[in-house]
Amino acid sequence: MATVFPPEFAALEPFADWAVPTEKARYAKRIASTMDELDTFYNTAFPLLANGTEYLQQVSMEGISDEDKHLLWLFCALVTVAFPVEAWRQPKVPDTGAAAIDAVLEPAI
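A few points on the structure. Source: prediction; values computed, not measured. (Residues numbered from 1 in each chain as written. Predicted model: local features only at pLDDT ≥ 70, side-chain atom pairs only at ≥ 80, totals over all residues. Heavy atoms only, no water.)

Let's talk about the packing of helix α3 (residues 49-57) against helix α4 (residues 66-88)
A packed helix pair is summarised by two numbers, namely the angle formed by the two axes and the spacing between the axes.
Line of reasoning, step 1. It is the contact of α3 with α4, at a shortest axis distance of 11 Å, that shows an interaxial angle of 135°. Between α3 and α4, the interaxial angle falls into the category oblique. For the pair α3 and α4, the crossing hand works out as left-handed. Mapping the contact onto sequence places L49, G52, Y55 and L56 in α3 and D68, L71, L72, F75 and L78 in α4.
Line of reasoning, step 2. Its residues assigned to classes, the contact of α3 with α4 comprises seven nonpolar, one polar and one charged. (Axes fitted to C-alpha atoms, helices over the stretch in contact; angles between N-to-C directions. Helix = DSSP H or I, 4+ residues; strand = E, 2+ residues; numbered from the N terminus. Parallel < 35°, antiparallel > 145°, perpendicular 65-115°, else oblique. Left-handed = near helix turned anticlockwise from the far one by under 90°. Contact = heavy atoms within 4.5 Å. Nonpolar A, V, L, I, M, F, W, Y, C, P; charged D, E, K, R; others polar.)

With respect to the packing of aromatic side chains
Line of reasoning, step 1. Evaluation of the coordinates by the stated rule reveals five aromatic pairs.
Line of reasoning, step 2. On the basis of an interplanar angle of 0° and a centroid distance of 4.6 Å, the ring pair of W18 and F41 is categorised as stacked. A residue pair is termed long-range when its members are at least 10 positions apart, and W18 in the segment before α1 (23-32) and F41 in helix α2 (residues 35-45) qualify at 23 residues. The burial state of W18 is the same as that of F41; both residues are buried. (Phe/Tyr/Trp six-rings, centres within 6.5 Å; stacked < 30°, edge-to-face > 60°. Buried < 20%, exposed > 50% of the residue type's maximum accessible area, 1.4 Å probe, protein only.)

Some words on the pattern of salt bridges
Line of reasoning, step 1. Applying the stated criterion to the full structure yields two salt bridges.
Line of reasoning, step 2. K29 serves as the salt-bridge partner of D17, at 3.0 Å between the closest nitrogen and oxygen. Taken together, the residues span a long stretch of sequence, with D17 in the segment before α1 and K29 in helix α1 at a distance of 12 residues.
Line of reasoning, step 3. Taking relative accessible area as the criterion, K29 reaches 22% and is therefore assigned partly exposed.
Line of reasoning, step 4. Where D39 meets R89, a salt bridge forms, and the shortest distance between an N and an O atom there is 2.8 Å. (Salt bridge = Lys/Arg side-chain N within 4 Å of Asp/Glu carboxyl O.)

Pasting the structure below:
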């Protein structure tokens, strides 16, 4: 069976669908998710963040493997869900109605 992440991060495999390359797609996934789904993702990924950060700091962005790129994207998704999980307890930003902000430029990987 093919894996999405480096072997050290096998616990994240059930969340492979969070490893998306753009902020807009991560935000859309967050909005489409329930709080139970966000909590489950957060509670699994957050404890691995320190090791993941240390691991990714050793990775060269030039020639980055697909597994490492997916890990990086997954931790970007963790950032996208952290505040809704920790503070708002809802996927949407409170009191914003239909307001939205779209990134016009994504970081290059």
